[in-house]
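This is what each chain is made of:
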Protein chains: 2
Amino acid sequence: MTTIRDVARSAGVSVATASRALNGHLNVTDGVRKRVTDAAAALNYIPHSGARSLTRQRSEAIGVVLPDLFGEYFSELVRGIDSVAHQAGFQLLLSNMHGSAQGTASAIRAMRGRVDGLLIMPPETDPAYLAASLPPGLPTVLINYPSGSIDIPSVAIDNYSGARAMTEALLAGGCKRIAHISGPRDNRDARERLRGFVDAMRELGGEYSPLILPGDFTEEAGAEAARLIIAGNVAVDALFAANDMMAVGCLAVLREAGIDVPDKVAVAGFDDIPLARHTYPALSTVEVHIADMGAAAMSLLLAQLQGGGEPAENHLLQPALMMRGTTTIRHIKMRRKTVKKHRLEREIT
Amino acid sequence: MTTIRDVARSAGVSVATASRALNGHLNVTDGVRKRVTDAAAALNYIPHSGARSLTRQRSEAIGVVLPDLFGEYFSELVRGIDSVAHQAGFQLLLSNMHGSAQGTASAIRAMRGRVDGLLIMPPETDPAYLAASLPPGLPTVLINYPSGSIDIPSVAIDNYSGARAMTEALLAGGCKRIAHISGPRDNRDARERLRGFVDAMRELGGEYSPLILPGDFTEEAGAEAARLIIAGNVAVDALFAANDMMAVGCLAVLREAGIDVPDKVAVAGFDDIPLARHTYPALSTVEVHIADMGAAAMSLLLAQLQGGGEPAENHLLQPALMMRGTTTIRHIKMRRKTVKKHRLEREIT
DNA sequence: TGCATTTATGTAACCGGTTACACCAAAATT
DNA sequence: AATTTTGGTGTAACCGGTTACATAAATGCA
């Protein structure tokens, strides 16, 4: 592997001049510049980014720490991040911390010295532990972490509002007895969605005490919930699943049992995965723009990298209702909300 | 940001000793080691991976260069790569070259000095240009690039065999007049699939001259092809789309037109995207394990990194037929094939 | 007790770049 | 013609670690 010293020697100049010539500094004679670039081309010289970033104190890379790499969710997120990062000339260093808090800490450690900023989607963690494992002085943005619990810029989906809006839409459409198929108990999104459902039912659902079925975000869990409803002959007129995959499982069982959707029972999901448009009937759901969330997070990080010490901003992305064939209500659109929050130290001092 | 010199000073030892103590070398007194680790903890010292990899000549990272970041395909691929890489203690440096050959070259340049190996999924490129832009001495594995055209280990899906097998299965199931909805002309996978279809038809399809409809891998293209068939009242008893999305578009139009699937017309796709199981009827398709391809590529790279100069190996992953409701034939399973190829220089010398 | 061997620690070079500063020749100013 | 300014190039320090080698202290053995 050829180094800049090889190029310098071959061109008959010092390494300093070679470096200047290759980096387009102006105070280099045209003749010398040509000699250097020619030598570099002839030797197939490729600069060593690692060494460069050591002196420059910039790596042109940003670290992305994710809980796992499954499914559409991750793919969309990275695409959104990349769309912004690529334009700004940054590479992405990806790390999968496999769901554990300790894994997060070690993933973050491994990033130090090779990235200029960090995008972290933390697992269910103690905010204090998370704060402690963040390298001081490294710009960071959290993705989908409850804002307020820690003084770091963040972006998140407003799961609560989305679930609330869907529940309200179902009620407005004439449904009275709505059951919720919930997600894993230890999942933040699932809990927020459940909370939105419960609050809406409590405030607008009349005296009916809402039924909550356990689930784990899998298709099979949705199917199981539907079977439970059918076997128990429970009177419900709507099933609101905490995510689309469960709604899909649900739908398959209902069809098999000959229960009409949406006339007998309405069904709704959450996420708007690509599959949602293609079920029969097409699934009504809450549309979540994951790619937008990634892009927003990266933009926030860029602002930090370029601007400097702005107050910690927290974006809450509003999801939109996407009403299709499994319910009988019209499409309702919601708008995005941005919350600016002052840094904690400002409040303290 | 604290450096190892800060730690050394604080512990009252030289940087060399600090380094040794932190890296678990044995020739360090227990007392000194404790002093050093305590100082490191107190100062919240995190080693600078960039600096370390400069001396160690190892970065514990591997670069992944992809043509784009869209959809399920990419997500599965990265997941497969990560499953192997993570276990071996490697991080992933991701780069999106946005489809262009020049983008590929610059993405590869940016990787030099920060990764120990490269996984590249090249766009439609001149093999010579690609070979020229690869850094010499950096272990590399190509993903989904025609083996043989360049002397570098590679893994790829056997699109030709998959398309051939599906065509043969359709013929064996009694279909005679099979039309193929092809993918983009400038896409390697699409061309191979078309070739497999044409060869199978030529050899086993009798005197019927196969119909080839243009497409571009989108759902709309599949729908358009189906409309063309219906409008032209063309006599076909099977539609084999070059990918699942087109088959899905096709299916929707056929259902709307009241044409029975599979009795009147059989439909088949390629890829086995998650959606395929959920169409009605469920889509028969060619199952491609993208994650396996990623894992295989990473394994090949690991072998190069650890083993050293083995002959360039080329894996051709065999897809499997996944027969569901849109055809009337039973499931047929195929097995994986591995082709070992000696290095070119060995043949030359 | 004296000498050889082992072991813990320090010194300094190095990885591959960038850049502050020194230097010298050529050009501009007086 | 002497002096200052300008600008291209080289020298060497530096980024933050690791490690070969030197050295001093501790141990083993005669």
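Heads up: the structure comes first, above all this text.
What comes next concerns the included structure. These numbers come from a predicted model, not from an experiment.

The next point concerns the protein's contact with DNA strand D. Residues in contact with DNA strand D amount to 25 residues; listed here are only the nearest, A:A16, A:N27, B:I4, B:A16 and B:S19. Within the residue set of the surface near DNA strand D, elements represented by two or more residues are helix 2 (15-22) and helix 4 (49-56) of chain A together with helix 2 (15-22) and helix 4 (49-56) of chain B. Looking at which element gives the most residues to the surface near DNA strand D, the answer is helix 4 of chain B, with five residues. Split by residue class, the surface near DNA strand D holds 12 nonpolar, 10 polar and three charged.

Attention shifts here to the protein's contact with DNA strand C. In the vicinity of DNA strand C lie 25 residues, with A:I4, A:A16, A:S19, B:A16 and B:N27 positioned nearest. Contributing elements (two or more residues each) for the surface near DNA strand C: helix 2 and helix 4 of chain A together with helix 2 and helix 4 of chain B. By residue class, the composition of the surface near DNA strand C is 12 nonpolar, 10 polar and three charged.

All names here are of chain B. End to end, helix 10 (residues 219-232) covers 20 Å across 14 residues, agreeing with the expected 20 Å (1.5 Å per residue, within 8%). Taken together, the buried residues of helix 10 touch strand 6 (178-181), strand 7 (211-213), strand 8 (238-241) and helix 11 (244-256). Phi turns positive, to about 55 degrees, at N233, one or two residues after helix 10.

All names here are of chain A. Following both chains from N to C, one finds helix 1 (residues 4-11) and helix 2 inclined at 100 degrees, their axes separated by 8 Å at the closest point. It follows from the interaxial angle that helix 1 and helix 2 lie roughly perpendicular. Facing helix 1, whose interface residues are I4, R5, V7, A8 and A11, helix 2 presents V15, A18 and S19. Broken down by class, the residue content of the contact of helix 1 with helix 2 amounts to six nonpolar, one polar and one charged.

Our focus in this paragraph is the sheet that holds strand 9 (residues 266-268) of chain B. Residues and elements named next belong to chain B. Taken in spatial order, the four strands make up an open sheet running 7-6-8-9, and their pairing is parallel. At either margin of the open sheet sits one strand with a lone partner, and together these are strand 7 and strand 9. Taken over all neighbouring pairs, the strand axes of this sheet differ in orientation by 20 degrees on average, direction set aside. Note: strand 6 against strand 7, three bridges, orientation parallel. Paired with H180 across the strands is I212, a residue of strand 7. Contacting strand 6, strand 8 and strand 9, helix 8 (residues 159-172) crosses the sheet at an angle of about 170 degrees to strand 8.

A word on the interface of chain B and chain A. Of the residues lining the interface, 40 residues belong to chain B; the matching set on chain A comes to 40 residues. Those elements giving two or more residues to the side of chain B that touches chain A turn out to be helix 4, helix 5 (71-87), strand 2 (91-96) and helix 6 (101-111) of chain B. With eight residues, the single largest contributor to the side of chain B that touches chain A is helix 5 of chain B. For the side of chain B that touches chain A, the residue count by class is 18 nonpolar, 16 polar and six charged. The pairing of strand 2 (residues 91-96) of chain A with strand 2 of chain B spans three bridges and is classified as antiparallel. Of the residues in strand 2 of chain B, the one forming a bridge with A:L92 is B:L94.

Attention now moves to the nonpolar core. With 182 residues, the main nonpolar core has A:L119, A:C250, A:A297, B:L119, B:C250 and B:A297 as its most contacted residues. With residues up to four places along the chain from it excluded, the contact list for B:C250 reads B:I181, B:G222, B:A223, B:A225, B:A226, B:L239, B:A241 and B:V267. Among the nonpolar cores identified, the runner-up in size contains 11 residues, and A:V7, A:A8, A:V13 and A:A18 belong to it.

Conventions and cut-offs
Residues numbered from 1 in each chain as written. Chains lettered and ligands numbered in written order. Predicted model: local features only at pLDDT ≥ 70, side-chain atom pairs only at ≥ 80, totals over all residues. Near = placed C-beta within 6 Å. Helix = DSSP H or I, 4+ residues; strand = E, 2+ residues; numbered from the N terminus. Nonpolar A, V, L, I, M, F, W, Y, C, P; charged D, E, K, R; others polar. Expected span 1.5 Å × (residues − 1). Contact = placed C-beta atoms within 7 Å. Axes fitted to C-alpha atoms, helices over the stretch in contact; angles between N-to-C directions. Parallel < 35°, antiparallel > 145°, perpendicular 65-115°, else oblique. Pairing = 2+ DSSP bridges. Core = buried A, V, L, I, M, F, W, Y, C linked by C-beta atoms within 7 Å. Buried ≥ 20, exposed ≤ 12 C-beta atoms within 10 Å, placed from the backbone.

The quantities given are spatial measurements derived from coordinates; they are silent on function.
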